[in-house]
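A closer look at the structure
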Amino acid sequence: MNGRYVGYVAGDDPLHDFLSKIIRDLMAVREPQPAFRAFRLSGSNVVYAYEEKFSGAKVICKFYGPRFGADRDKAAWMARQEYEGLKTLRRYNLIGSPHHVIRPLGFSRDINGVLAVEYYSGEEFSHAISRATYHRDDTHLYARLTALAYFLATQHDRTANGSDVDFDADCRYFDTVAGRLRKTRRIGQRDIEELSRQRDRWRDRPQMWQDQQVWLHGDATPANFLFGHGMDVAAIDLERMKRGDRMFDVGRVAGELQHAFMRAVGDRHRAEPFIGHFLWEYSCHFPDRQRTFESVKARAPYYMALNLLRIARNDYIDHEYGGRLVTQAKKLLAA
């Protein structure tokens, strides 16, 4: 079990009853006196893994309460939203091998806005990226990108609803991200004006409006995909799931690859073969591979830039590197 061991869940803790009911009713564990070891997992959210001592049954719990403080209703609403989102995607037969969306197991307003989901043993996408950036294990990352492209193409293809995408929504999100950068003094007013001009040029491109809406993961970052054997991929952390342009997910993965190589080795060009491979592999799951590839390649720079700007606004990004991200975003937008 990955994570930092922090002790056992007390028998009189409401969480103990919550976990006991889950393993009994949903996992068929008939342990008369269950005992749960707790492990704090790393990440931006308050997430713990719980392992029942005798059966070995594992459950992951994500607590929304710490994010919203005294607003229990907001925390509960977010937990329920992700719970329903997971159920929605699983109804598209994204269950098992090779495409898996983790199973939601329950939520509770009164236990710190907790959402419980199944435990999935797999390699984080971030680890596969690190093997390439720090250890030159390019072959491994190529294989993982092939599997991830297959997963996302399947998710997007199965969930297309026939309605046109609303690129204005992604332009509004662009403005939100740029506004946050301005507020935190990562960029100035002249940068805002330049970014706005570039955004408007993309808004005028017909291809940005011509695809169909799909269900998006919404936060396709390296922490949110796990890899099993062969082509097996599991998606986790769907709190930002929404309808939109498939390129919101695809471009985020591409942007994360560029960011990873920029930060680790200082060379964005090292990411280009991996980005091209990912876009090509994604395209192969549609009837006209070449036409799909040309479409995603043409639209990807906007969403890659959007992701680099999103990363640059984070507190853990220092000012110098944040400036490099903004500069590269501008170059992508000028493509």
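The structure displayed is predicted, hence computed values, not measured ones.

Nonpolar side chains in soluble globular proteins tend to be buried together. Among the nonpolar cores identified, the biggest contains 88 residues, and F125, L141, L148, F225, L257, F278 and Y302 are the most heavily contacted of them. Top element by residues in this core is helix α10 (residues 289-312). It accounts for 12 residues. The contacts of F278, once residues within four sequence positions are left out, are L145, L148, A149, L152, V250 and V253. In terms of nonpolar packing, the next biggest core, distinct from the first, is built from 19 residues, L19, A57, C61 and L105 among them.

With that settled, consider the packing of helix α6 (residues 167-183) against helix α7 (residues 189-203). One can describe the packing of α6 onto α7 by two numbers: an axis separation of 11 Å at closest approach and a directional angle of 170°. Put simply, α6 runs roughly antiparallel to α7. Where α6 approaches α7, its residues F167, D168, C171, F174, D175, A178, G179 and R182 are matched on the opposing element by Q189, I192, L195, R199, W202 and R203. Along the lines of polarity and charge, the residues of the contact of α6 with α7 split into seven nonpolar, two polar and five charged.

Below, the discussion takes up unusual backbone geometry. In this model, S97 is joined to P98 through a cis peptide bond whose omega is 5°. Tracing the backbone through its elements, the reader meets P98 in the loop between α3 (72-90) and β5 (99-101). Phi at N112 is positive, roughly 60°, even though this residue is not glycine. Checked against the element boundaries, N112 lands in the loop between β6 (104-108) and β7 (114-118). Positioned with a positive phi, D237 is a non-glycine residue whose angle comes to about 60°. Locating D237 in the fold gives a position in the loop between β11 (233-235) and β12 (242-244).

Moving on: the packing of aromatic side chains. Considering all chains together, one arrives at 19 aromatic pairs under this definition. Ring centres 5.8 Å apart and planes at 50° place the aromatic pair W202 and Y302 in the tilted group. Here W202 is found in helix α7, whereas its partner Y302 is found in helix α10, with 100 residues between them in sequence. There is no split in this pair, since W202 and Y302 are both buried. The cationic tip of R205 hangs over the ring face of W202; the distance from NZ or CZ to the ring centre is 4.0 Å.

Parameters and conventions
- Residues numbered from 1 in each chain as written.
- Predicted model: local features only at pLDDT ≥ 70, side-chain atom pairs only at ≥ 80, totals over all residues.
- Heavy atoms only, no water.
- Core = buried A, V, L, I, M, F, W, Y, C linked by side-chain atoms within 4.5 Å.
- Buried < 20%, exposed > 50% of the residue type's maximum accessible area, 1.4 Å probe, protein only.
- Helix = DSSP H or I, 4+ residues; strand = E, 2+ residues; numbered from the N terminus.
- Contact = heavy atoms within 4.5 Å.
- Axes fitted to C-alpha atoms, helices over the stretch in contact; angles between N-to-C directions.
- Parallel < 35°, antiparallel > 145°, perpendicular 65-115°, else oblique.
- Nonpolar A, V, L, I, M, F, W, Y, C, P; charged D, E, K, R; others polar.
- Phe/Tyr/Trp six-rings, centres within 6.5 Å; stacked < 30°, edge-to-face > 60°.
- Lys NZ or Arg CZ within 6 Å of the ring centre and 35° of its normal.

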